[in-house]
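If you want the building blocks of each chain, they are given just below.
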Amino acid sequence: MAKAGLVKGLAKTKQIIAGGIGKLLRSGRLKEEELDKLEEVLITCDIGFDIAQEIIERVKRYTGSAEEGVKEKIISVIKDYLPNVRCKFEMKGNPHVVLMVGANGTGKTTTIGKLAYKFRQEGKRVLVVAADTFRAAAGEQLQKWAERAGVDFFGNPKAKDPGSVVYDALNGAIARGYDVVFIDTAGRLHTKLNLMNELEKIKKVSARVVPLAPHDIWLVLDASFGQNGVIQAEQFMRKVGLTGIVLAKIDGTAKGGVVVSILKKYGIPICYLGTGESIGDLSEFDLDEYLDAVFGD
Ligand SMILES: Nc1nc2c(ncn2[C@@H]2O[C@H](COP(=O)(O)OP(=O)(O)O)[C@@H](O)[C@H]2O)c(=O)[nH]1
Ligand SMILES: [Mg+2]
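Residues numbered from 1 in each chain as written. Chains lettered and ligands numbered in written order. Predicted model: local features only at pLDDT ≥ 70, side-chain atom pairs only at ≥ 80, totals over all residues. Heavy atoms only, no water.

> Would you mind showing me how to read the pairing of strand β4 (residues 180-185) here?
The two faces of the sheet receive side chains in turn, since in a regular strand these alternate between them. Along β4, six of the six residues are buried, which leaves the element largely enclosed by surrounding structure. Of the two faces of β4, the one carrying Val180, Phe182 and Asp184 and the one carrying Val181, Ile183 and Thr185 are both buried. With five bridges joining them, strand β1 (residues 96-101) and β4 adopt parallel strand pairing. When the bridges of β4 are listed, Val98 appears paired with Phe182. Pairing between strand β2 (residues 126-131) and β4: six bridges, direction parallel. Each residue of the ladder has a partner; that of Leu127, found in β4, is Val181. (Buried < 20%, exposed > 50% of the residue type's maximum accessible area, 1.4 Å probe, protein only. Helix = DSSP H or I, 4+ residues; strand = E, 2+ residues; numbered from the N terminus. Pairing = 2+ DSSP bridges.)

> What is the right way to look at helix α12 (residues 287-295) in this model?
In an α-helix, one turn spans 3.6 residues; hence positions three or four apart end up facing the same way. Of all nine residues that make up α12, seven are buried, and the element is covered over most of its length. Those residues of α12 that fall on the buried side of the exposure criterion are Leu287, Glu289, Tyr290, Leu291, Ala293, Val294 and Phe295. Between the side-chain oxygen at the start of α12 and the backbone nitrogen of Asp288 there is a gap of 3.1 Å, and the oxygen is on Asp286. (Polar contact = N/O pair within 3.5 Å; in protein donor to acceptor, adjacent residues only side chain to side chain.)

> Sorry if this is basic, but what is going on with the site of ligand 1 here?
Surrounding ligand 1, one finds 15 residues, the nearest of these being Gly105, Lys108, Thr110, Asp251 and Glu277. With respect to ligand 1, the backbone of Gly107 contributes an N or O atom lying 2.9 Å from an oxygen atom. Taken by itself ligand 1 offers 590 Å² of open surface, and the protein chains cover 79% of this. By residue number, the principal contributor to the shell around ligand 1 is helix α6 (residues 108-121), which donates four residues. (Near = heavy atom within 4 Å. Areas by Shrake-Rupley, 256 points an atom, 1.4 Å probe, with all protein chains shown as cover.)

> Would you mind showing me how to read the pattern of salt bridges here?
Proximity of charged atoms lets side chains of opposite charge pair with each other. Summed over the entire model, instances satisfying the criterion amount to 14 salt bridges. The partner of Lys124 in a salt bridge is Glu122, and the shortest N-O contact between them spans 3.7 Å. We note a salt bridge from Glu234 to Arg238, for which the minimum N-O separation is 3.1 Å. With Glu234 and Arg238 both in helix α10 (residues 227-239) and four residues apart, the pair spans about one turn of that helix. When its relative accessible area of 25% is taken as the criterion, Glu234 is described as partly exposed. Connected via shared salt-bridge partners are Lys118, Glu122, Lys124 and Glu284. (Salt bridge = Lys/Arg side-chain N within 4 Å of Asp/Glu carboxyl O.)

> How should I be thinking about the state of the cysteines in this particular structure?
Covalently bonding the sulfur atom of one cysteine to the sulfur atom of another cysteine gives a disulfide. Scanning the entire structure with this criterion turns up one disulfide. One disulfide bridge connects Cys87 with Cys271, the sulfur atoms lying 2.1 Å from each other. Here Cys87 and Cys271 share a disulfide; its torsion about the S-S bond, 90°, makes the bridge right-handed. Here Cys87, found in the loop between α5 (70-81) and β1, pairs with Cys271, found in strand β7 (residues 270-274); they are 184 residues apart in sequence, far enough to count as distant. Among the residues examined, Cys271 registers a relative accessible area of 2% and is labelled buried. (Disulfide = S-S within 2.5 Å.)

Following this line, the structure appears as structure tokens:
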């Protein structure tokens with residue numbers, strides 16, 4: 001069973017699916033003429049045109065047990081179609097350093113606030129670092145989230161170079177024994193080479209202070225960008241390397257199908273879904289729960 005927060009967060013995507021093929025999902029057999037409707041619904045949820053077609057082909061060929069209903073069949077086909085990538089968070093350093101990257105306004109700072117809260121609740125000592133030196137307000141926004149989450153904040157409003165902020169922050173983090181450090185970076189488009197190089201520099205500086213840091217690099221995507229976000233994922237993966245994706249604002253869109261696209265095209269694990277603007281609106285991503293929430297009753 002999917003969790004309540006996830007079900008609520010995926011309500012818009014679910015609405016499209018239930019509205020389009022709700023009756024069909026509850027039935028026992030899938031007729032040829034109903035496949036078009038299924039394909040249309042998958043495309044409306046931004047699963048991607050090619051992927052929708054491939055899934056339909058597989059549904060046609062699928063021979064499961066006779067007891068299985070249409071819903072179970074579709075879920076089986078999608079699970080079988082996707083690579084088995086799971087995001088499993090593991091502490092890999094002292095501190096464990098997480099670099100958050102992404103375009104402007106996707107939800108990086110908000111997500112760090114939510115993650116800081118979650119990790120603190122799990123008993124970890126958390127530090128959040130403002131390495132966005134472009135906007136003065138960026139540090140203040142992160143600081144407010146740190147207060148809400150009950151974790152410590154590091155920032156230097158006078159700094160011009162995010163690398164130097166990260167250097168100081170991580171040295172301090174070692175000295176003071178933090179378990180997890182989240183580094184918030186300025187929003188950047190994957191097309192801006194100088195800004196992508198800046199991320200490279202932040203990575204190098206991190207590794208100089210903490211061995212093998214950053215241990216995780218998470219890309220925050222705005223779910224409402226749908227297929228456009230998928231393109232960003234590819235570029236960030238190539239240029240910076242990613243260990244996971246956070247799909248924020250899934251609550252505001254019916255484009256929940258983008259989850260399937262990301263997993264299929266790049267095999268980058270999706271780690272979390274942002275399901276609202278409050279501190280608790282974050283779900284750990286689990287494919288079974290996700291499919292259950294989207295196709296479930
Ligand atoms: N509905 C919703 N809004 C979100 C979510 N995550 C972030 N936001 C909103 O998106 C806007 C931009 O977020 P912010 O964290 O400042 O993005 P950043 O520029 O990437 O740091 C803010 O208004 C947030 O409240 C989410 O999961 N759901
Ligand atoms: Mg920000």
